[in-house]
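Fold and geometry: a report
Take a look at the letters that make up each chain.
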Amino acid sequence: MQFQDLAMVYEELEKTASRLEMTSILATLFKQADCKTLHRMIYLTQGQLYPDFYPQKLGMADRLLLKTLSMSSGMKDDDIQELWLKEGDPGIVAQKVFAVKKQRTLFSEALTLDRVYENLEKIAGSEGSGSQDVKMKLLAEILNDASAEEAKFISRMVTGHMRLGVAAMTVVDALALAFASKEDRDAIERAFNISSDLGKVGETLCRNGIDAIRQMQVEVGSPMRAMLAERLPSPQEILVRMGGKAAFEYKYDGVRVQAHIRDGKIQLFSRRLEDLTEQFPDVVKALKASFRMKSAIVEGECVPVDLNTGELLPFQEVSHRRGRKHGLQDAIEDYPVRVFLFDCVYLDGKDMTQMPYPERRKALESAFEKTEEARFSEMRIYDNVDGVEEFFKEALKDGCEGLMAKSVDENSFYRAGSRGFLWIKYKKEYRSEMTDTVDLVVVGAYAGRGRRAGNYGALLMATYNDQEDVFETVCKLGSGFDDATLAALPQKLEAHKLKEKHPKVVSKMEADYWFEPSMVLEVLGAEITVSPIHTTAYGLVRKDSGLAVRFPRFTGRFRDDKEPREATTSKELEQMYSKQLKKVES
Ligand code: AMP
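These figures come from a predicted structure and were not determined experimentally.

**What to know about the site of the ligand**
Close to the ligand lie 13 residues; Glu-249, Arg-256, Glu-301, Lys-406 and Lys-425 are nearest. Between Lys-427 and the ligand, the recorded distance is 3.3 Å, taken from a side-chain N or O atom to an oxygen atom. Relative to its free-state accessible area of 490 Å², the ligand is covered by the protein chains to the extent of 89%. Sorting the residues of the shell around the ligand by element identifies strand E2 (246-251), strand E10 (402-406) and strand E11 (419-426) as the ones contributing at least two each. Take the shell around the ligand: its biggest share by element is 3 residues, from E2.

So this is what it looks like as structure tokens:
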């Protein structure tokens, strides 16, 4: 196909915002295409060279484009720069430059879609020293033979500014219109959702027809679009919607990963289909060690843990790993993660997306051995509200966001890429952001593990209830201590050590060591949450629950100037919670 024809179609697409019109323009275009090159046409229309999950992307710097435009048009750099400042769109700049450029000469060779695509592919692939010159040369090669319209779209593509506004679902509609019928549209959409590759779907449909599309399966190495959940505010509504009974899983607050496993090789993808394998070598190792079969595609949530307290940490802790090539090993040690597996969509050659959830869960549990690092999401089946409420409290206590209800119906298939009521999230916003520090009293401690062996791993902290003259627990504190401070703690606390819990301490938790309330530390947390295991302001915000400081960190300040009875009171914490909750709500 001539690139000029494609450019004219792009001009047409640009002029309309109507999805119906776009669908019809694209369907006409697809019908004219050769099946062999249809995938290229589809990717280019979306401003891409490959499906979303390929790491290689187009995105040449604007200044390199402007330089190349000057080289191949003969127009002065300054004039092009001026045009760029005025227009701000690489496509319009190129179009204007090429409109005044000499007409194509007798020697110029018309551009084909393949020629443009292949040069763009080489541009995206050239890296390292000298690559700028290579990129400009490759671009100049095609621009030299381009018309003004062709130059416009080539310039937008190469800089990553294509933006025709053609959504993936419009391409799906157009493929149905071009090669199948309206009734086949859902099958085509499913094929896209399980492969995330519109080019492959288009080519398969063009070559082998709709039956081949219906037979498409999830494939190891090709990430599928994630299944998403709806939200309902109460267990009653969830149970009604689910037909009276559902599976409930902990909703972990981490990073979703899709693991593709074959013959001992594991690749991890994010919810946005980026390759996360390099960032989580520990997860790869953990899955490898616990996997018992040959191949699989499974999903799970990676959650950072504090090895000293055993508590789950906010997922932001994992972000310390992002973009790190050097020091990744340190980051892995400092921010270890656990993976909680929750679904299995492919196992040993079998596509399981069309099987009900209970069968997939069974397959998942048979395919892995539970280890410290790789586990299954906590799951229970309930048909009553009270059970769900209890489980919800446990989930909060264990550092989760709430629950994820999953249909156990015979049609509870894995719906890649779609948000529906087969999965429903239940997360009450019993949380409020924390901006101020609090002064908390040390009432207990836990023995350290790993690098903290021999020292305290974490301290049990409390607020002061000035009405009842007791100390109420509010968090386990393990972060923010440097090595020297940590090493000095046992000696500092020695004089206050007790054989058992102090009578003025109200705690539902056991500690390895108990202290007389004496030492006050300044602490900053991420948020205040409702917690059934801590006793601060118990029953005030929620029946059978207290308040907790979530993700607490020692600021480094010992409040030696404060008596324990001058610490932050339970009432104050409750006020902080309520005040900030209002702010979040408004
Ligand atoms: P949200 O991001 O609030 O729409 O919630 C959906 C996300 O919850 C998913 O994308 C997962 O990353 C995460 N999640 C945590 N635990 C589970 C679970 N047990 N099942 C499914 N998704 C989970």
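Once you've had a look at it, read on.
**Examining unusual backbone geometry**
In the Ramachandran plot, Leu-273 falls in the positive-phi region, its phi being about 70° despite a non-glycine side chain. Positive phi, close to 40°, is recorded for Asp-348, a residue that is not glycine. You can see Asp-348 is positioned in the loop between strand E6 (337-347) and strand E7 (350-351). For Asp-348, a relative accessible area of 37% translates into the label partly exposed.

**Digging into the pairing of strand E3 (residues 255-262)**
A regular strand carries its side chains on alternate faces of the sheet. Most of E3 is tucked away, with 7 of its 8 residues classed as buried. In this structure, E3 lies alongside strand E4 (residues 265-269), joined through 5 bridges in antiparallel fashion. Pairing of Gln-258 across the sheet is with Phe-269, part of E4. The turn linking E3 back onto E4 is made up of 2 residues, and Asp-263 within it adopts a positive phi angle of 45°.

**Section: the side chain of Thr-16**
Within the secondary structure, Thr-16 is located in the loop between helix H1 (3-14) and helix H2 (19-32). With a relative accessible area of 10%, Thr-16 lands in the buried category. Separated by 3.0 Å, the side chain of Thr-16 and the backbone nitrogen of Ser-18 make a polar contact.

**Points about the sheet that holds strand E1 (residues 228-231)**
Backbone-to-backbone hydrogen bonds join strands into a sheet, with any given pair of strands oriented parallel or antiparallel. Taken in spatial order, the 5 strands line up as E1-E11-E10-E2-E9 in an open sheet, and their pairing is mixed. Pairing within the sheet leaves two strands with one partner each, and these edge strands are E1 and strand E9 (379-382). Here the average twist between neighbouring strands, direction ignored, is 40°. Sheet topology note: the E2/E10 ladder contains 5 bridges and is antiparallel. When the sheet's bridge partners are listed, Lys-251 is paired in E10 with Gly-402. Strands E2, E9 and E10 of the sheet are contacted by helix H16 (residues 357-367), whose axis makes an angle of about 50° with E2. Packed onto the sheet, helix H17 (residues 385-397) meets E2, E9, E10 and E11 and runs at close to 130° relative to E10.

**A look at the pairing of strand E13 (residues 438-447)**
Within E13, 9 of the 10 residues are buried, leaving the element largely enclosed by the surrounding structure. Where E13 lies against strand E19 (residues 520-524), 4 bridges are found, and the strand directions are antiparallel. By the bridge assignment, Val-441 is partnered in E19 with Val-520. Pairing geometry for E13 and strand E14 (residues 456-465), over 6 bridges, is antiparallel. Considered in E14, the bridge of Gly-444 is made with Leu-460. Across 2 bridges, the pairing between E13 and strand E18 (residues 513-515) is antiparallel.

**Digging into a negative patch on the surface**
Where like charges cluster on the molecular surface, the negative patch consists of Asp-77, Asp-78, Asp-79 and Glu-82. Mapped onto the secondary structure, Asp-79 falls in helix H5 (residues 77-87).

**Focus on the packing of aromatic side chains**
Across all of its chains, the model carries 18 aromatic pairs by this definition. Aromatic side chains Tyr-456 and Tyr-513 sit 5.2 Å apart centroid to centroid with 55° between the ring planes, which places their arrangement in the tilted category. Of this pair, Tyr-456 sits in strand E14 while Tyr-513 sits in strand E18, and the two are 57 residues apart along the sequence. Given a relative accessible area of 4%, Tyr-456 falls into the buried group. The structure contains a cluster of three or more aromatic residues connected by ring pairs, namely Phe-248, Tyr-250, Tyr-252, Phe-340, Tyr-382 and Phe-391.

**Observations regarding the environment of Gly-47**
As for its position among the elements, Gly-47 is in the loop between helix H3 (35-45) and helix H4 (62-73). The exposure class of Gly-47 is buried, given its relative accessible area of 18%. Linking Gly-47 and Ile-154, residues 107 residues apart in sequence, is a C-alpha distance of 9.8 Å.

**Concerning the state of the cysteines**
Under the defined criterion, the tally for this structure stands at 1 disulfide. Disulfide pairing is shown between Cys-35 and Cys-206; the S-S distance is 1.9 Å. Taking the sign of the torsion about the S-S bond as the criterion, the disulfide between Cys-35 and Cys-206, at about -75°, is left-handed. With Cys-35 in helix H3 and Cys-206 in helix H12 (residues 198-214), this residue pair connects regions lying 171 residues apart in the sequence. Each member of the pair, Cys-35 as well as Cys-206, is classed as buried. Here Cys-344 is not disulfide-linked; the sulfur of Cys-302 is the nearest cysteine sulfur, at 16 Å. Judged by its relative accessible area of 1%, Cys-344 falls in the buried class. No disulfide involves Cys-400; its sulfur sits 14 Å from that of Cys-302, the nearest cysteine.

**Description of the side chain of Ser-270**
With respect to the helices, strands and loops of the structure, Ser-270 is situated in the loop between E4 and helix H14 (281-290). Overall, Ser-270 belongs to the buried group, its relative accessible area being 6%. Within the local environment of Ser-270, its side chain forms a polar contact with the backbone nitrogen of Arg-272, the two atoms lying 3.1 Å apart. Setting aside chain neighbours within four positions, we find Ser-270 in contact with Arg-256 and Leu-276.

**Some points on the packing of H2 against helix H10 (residues 168-179)**
In the contact formed by H2 and H10, the axes pass within 8 Å of each other and the chain directions differ by 50°. Put simply, H2 runs oblique to H10. Read as a crossing pair, H2 and H10 show a hand that is right-handed. Along its contact with H2, which presents Arg-19, Met-22, Thr-23, Ser-24, Leu-26, Ala-27, Phe-30 and Lys-31, the element H10 presents Met-169, Thr-170, Val-171, Asp-173, Ala-174, Leu-175, Leu-177, Ala-178 and Phe-179. A per-class count over the contact of H2 with H10 returns 11 nonpolar, 3 polar and 3 charged.

Basis of the calculations
- Residues numbered from 1 in each chain as written.
- Predicted model: local features only at pLDDT ≥ 70, side-chain atom pairs only at ≥ 80, totals over all residues.
- Heavy atoms only, no water.
- Near = heavy atom within 4 Å.
- Polar contact = N/O pair within 3.5 Å; in protein donor to acceptor, adjacent residues only side chain to side chain.
- Areas by Shrake-Rupley, 256 points an atom, 1.4 Å probe, with all protein chains shown as cover.
- Helix = DSSP H or I, 4+ residues; strand = E, 2+ residues; numbered from the N terminus.
- Buried < 20%, exposed > 50% of the residue type's maximum accessible area, 1.4 Å probe, protein only.
- Pairing = 2+ DSSP bridges.
- Axes fitted to C-alpha atoms, helices over the stretch in contact; angles between N-to-C directions.
- Contact = heavy atoms within 4.5 Å.
- Patch = residues over 30% accessible without salt bridge, like charges linked within 9 Å, V, L, I, M, F, W, Y side chains within 5 Å.
- Salt bridge = Lys/Arg side-chain N within 4 Å of Asp/Glu carboxyl O.
- Lys, Arg positive; Asp, Glu negative; His and termini not counted.
- Charge placed at Lys NZ, Arg CZ, Asp CG, Glu CD.
- Phe/Tyr/Trp six-rings, centres within 6.5 Å; stacked < 30°, edge-to-face > 60°.
- Disulfide = S-S within 2.5 Å.
- Parallel < 35°, antiparallel > 145°, perpendicular 65-115°, else oblique.
- Left-handed = near helix turned anticlockwise from the far one by under 90°.
- Nonpolar A, V, L, I, M, F, W, Y, C, P; charged D, E, K, R; others polar.

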